[in-house]
Amino acid sequence: PVRRRAPPLCRAADVKLADASAEDPAELQQIDTKRPPRPRPTFSELRSALAKEAPALPAVVAPVADDMSQLTANLKELVGSRHPMLMAASDQIFDAGGKRVRPALVLLASRACAADHGLAPKQRSLAEITEMIHTASLVHDDVLDECELRRGAATVNSTYGTRVAVLVGDFLFAQASWGLAQLDNLEVIKLISEVIADFADGEIRQAQALFDVELTMEDYLDKSFWKTASLLAASCRSAALLGADSSGEGAVPEGSEGEYADAMYAYGKHLGLAFQVVDDILDFTQDTATLGKEAGQDLASGNLTAPAIYALRDEAHGERLREIVESEFTEGTLEEAISLVEEAGGIESAMELAREQGQMAYDALACLPPSESRHSLEGLIEYVLRRIS
């Protein structure tokens, strides 16, 4: 079938200045060598161009839309084929309104590294593995946090109980591990295996730092990497590495393997950090209906994120916020603490941090050849940041 094309995402930046009147291919090639391509737009220029179009996520990931439909069907079949109980749980998990950003990212990274010359079968498998790991971590997180809602829908543990939720998460992790072994690439196996350890490390570090007003921004970014960015960075790098293994569709150009793998790791890392900072901002700024959970829930549980950390440094409001947090809200209300964060400029400072991470993600893509998928990777950065615009 013909693959749908995404709307133009600042595509003119990579169009060569060829003479439209030239018809002979040799003459066109000669003109192209004489006239260099237009320079890649700056991050600000890209954001301005995308802001005018404001493409929704389905438009941004359109180059892999068909791949994503197949992926969702494969995952539901894989999880539900073992037992009717798992089938019901899989329907709830994979139909819960998730955006599937992580597997889409793997597929786009794979295509971008190959200049849109298809996908290798192992890259498709990697996308499924990535989504299983992410989903397993969410199911277990909901058990630990005793969450009843996620994305506005009932969680597995609230519907089927803690026992089933733990088993579903364990099954997904086990199935992802088995699939990972089938990729037959030791570096990829090490990368993705480390992600699972990072999840646990991030949760432990977060639990140890609850209500800790001395938490630094470096501590926060480390925790955010382990909990969110690690999976994106490792899966993007793995997509490039699997492309280097391929000799057909999805193959990375010879001689570019190391550069592309490093670039994709940096892109995934900084996009993931931007994504986490934005999520932490939304915890302060959006209502329950939009966010899928009560506003300020992280702060109420003692999980200090970027807006609160910045606000604690503020001379005018930091001391009062410190008193409330250290008392674990016995000497003040959550509503007062949220107001102090806003008045101290914590949200604005966190927004700037997210934009800085987005800039670094954009810079990492500079070595990739122009392609529809590279533009979609750039569009994903704007999609993440636009949530707080």
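Residues numbered from 1 in each chain as written. Predicted model: local features only at pLDDT ≥ 70, side-chain atom pairs only at ≥ 80, totals over all residues. Heavy atoms only, no water.

Chemist: Got a sec to walk through the overall build of the chain? Specific residues and values, please.
Modeler: Counting secondary structure elements, the chain contains 19 helices and two strands. Taken across its 389 residues, the chain has 52% of its residues classed as buried. Within the chain, contacts between residues at least 6 apart in sequence are counted, and of these 75% link residues at least 24 apart. By element, 51% of the accessible surface of the chain is carried by carbon and sulfur atoms, the whole surface being about 17600 Å². (Helix = DSSP H or I, 4+ residues; strand = E, 2+ residues; numbered from the N terminus. Buried < 20%, exposed > 50% of the residue type's maximum accessible area, 1.4 Å probe, protein only. Contact = heavy atoms within 4.5 Å. Areas by Shrake-Rupley, 256 points an atom, 1.4 Å probe, with all protein chains shown as cover.)

Chemist: I'd love a proper account of empty space enclosed by the protein, names of residues and values included.
Modeler: Tallied over the entire structure, the rule returns two cavities of 30 Å³ or more. In this structure, the second largest cavity encloses a volume near 30 Å³. Across the lining of the second largest cavity, the residue classes tally to four nonpolar, three polar and one charged. (1 Å grid on protein atoms, 1.4 Å probe; cavity = no way out; pocket = protein on both sides within 12 Å on 5 of 7 lines; lining within 4 Å. Points joined across faces, edges and corners; volume = space filled by probe spheres on them. Nonpolar A, V, L, I, M, F, W, Y, C, P; charged D, E, K, R; others polar.)

Chemist: Lay out the environment of A311 with the relevant residues and their values.
Modeler: Mapped onto the elements of the fold, A311 is located in helix α15 (residues 306–312). With a relative accessible area of 1%, A311 lands in the buried category. Leaving out residues up to four positions away in the same chain, A311 has contacts with G318, L321, V341, A344 and G346.

Chemist: Describe in detail the confidence of the model for the chain, supporting the description with residues and values.
Modeler: Across the chain, pLDDT averages 83, with 83% of residues at or above 70. When the criterion is pLDDT under 50, residues 1–23 qualifies, and its contacts beyond four places in sequence or with other chains add up to 56 contacts. Below pLDDT 50 for its whole length, residues 27–35 participates in eleven contacts with residues either more than four positions away or in separate chains. (pLDDT = per-residue confidence, 0-100.)

Chemist: Explain the nonpolar core residue by residue, including any values.
Modeler: Counting 106 residues, the largest nonpolar core has M264, Y267, L299, L377 and L380 as the members making the most contacts within it. Among the elements that make up this core, the one with the highest residue count is helix α12 (residues 257–285) (twelve residues). Not counting chain neighbours up to four residues away, the residues in contact with Y267 comprise L105, C236, A361, A364, L365, L377, L380 and I381. Counting residues in each nonpolar core, the second largest holds five residues, with F225, W226, A233 and L273 among its members. (Core = buried A, V, L, I, M, F, W, Y, C linked by side-chain atoms within 4.5 Å.)

Chemist: Go over the packing of helix α6 (residues 101–113) against helix α11 (residues 217–245), please, and point to the residues and values.
Modeler: Working note: a packed helix pair is described by the angle between its axes plus the distance between those axes. Where α6 contacts α11, the axes come no closer than 8 Å and their chain directions differ by 30°. Crossing geometry of α6 relative to α11 is assigned as right-handed. Across the interface between the two elements, R102, L105, V106, A109, S110 and C113 of α6 pack against T228, L231, L232, S235, C236, A239 and A240 of α11. Per-class residue counts for the contact of α6 with α11 are nine nonpolar, three polar and one charged. (Axes fitted to C-alpha atoms, helices over the stretch in contact; angles between N-to-C directions. Left-handed = near helix turned anticlockwise from the far one by under 90°.)

Chemist: I'd like a rundown of the pattern of salt bridges, residues and numbers included.
Modeler: Scanning all chains against the criterion turns up 13 salt bridges. The closest approach of N and O atoms between K227 and E203, which form a salt bridge, is 3.5 Å. Residue K227 is found in helix α11, and its partner E203 is found in helix α10 (residues 186–208); the two are separated by 24 residues along the sequence. The exposure class assigned to K227 is partly exposed, which follows from its relative accessible area of 25%. (Salt bridge = Lys/Arg side-chain N within 4 Å of Asp/Glu carboxyl O.)

Chemist: Hey, could you go over helix α7 (residues 121–145) for me, with residue numbers and the actual values?
Modeler: Here α7 is 25 residues long and its end C-alpha atoms lie 37 Å apart, about the 36 Å a rise of 1.5 Å per residue gives. For α7, the buried fraction is high: 18 of the 25 residues fall into the buried class. At the C-terminal side of α7, E146 shows a positive phi close to 55°. (Expected span 1.5 Å × (residues − 1).)

Chemist: Can you break down α6 residue by residue, with the values?
Modeler: Taking 1.5 Å as the rise per residue, α6 with 13 residues should run 18 Å; its terminal C-alpha atoms sit 18 Å apart, in good agreement. For α6, the buried fraction is high: 13 of the 13 residues fall into the buried class. Directly after α6, the chain includes A115, whose backbone phi takes a positive value near 55°.

Chemist: Lay out the side chain of Q276 in plain terms, naming residues and giving numbers.
Modeler: Along the chain, Q276 turns up in helix α12. The exposure class of Q276 is buried, given its relative accessible area of 16%. One polar contact links Q276 to T228, side chain to side chain, over a distance of 2.4 Å. The contact partners of Q276, leaving out residues within four places of it in the chain, are Y220, S224 and T228. (Polar contact = N/O pair within 3.5 Å; in protein donor to acceptor, adjacent residues only side chain to side chain.)

Chemist: Any chance you could break down the packing of aromatic side chains for me, citing the residues and the numbers?
Modeler: This structure, assessed with the given rule, holds one aromatic pair. Plain terms: the ring middles of F211 and F329 are 6.4 Å apart, the flat faces sit at 70° to each other, and that makes the pair edge-to-face. Linking F211 in the loop between α10 and α11 with F329 in the loop between α16 (318–326) and α17 (334–343), this pair joins segments that are 118 residues apart in sequence. Each member of the pair, F211 together with F329, is buried. The cationic tip of R102 hangs over the ring face of F275; the distance from NZ or CZ to the ring centre is 5.4 Å. Against the face of F275 rests R387, its NZ or CZ located 5.2 Å from the ring centre. (Phe/Tyr/Trp six-rings, centres within 6.5 Å; stacked < 30°, edge-to-face > 60°. Lys NZ or Arg CZ within 6 Å of the ring centre and 35° of its normal.)

Chemist: Hey, could you go over the environment of G202 for me, with residue numbers and the actual values?
Modeler: Following the sequence through the fold, G202 ends up in helix α10. Sequence spacing of G202 and D222 is 20 residues, and the spatial spacing of their C-alpha atoms is 8.2 Å. With near-sequence residues (within four places) excluded, G202 lies in contact with K223, W226 and K227.

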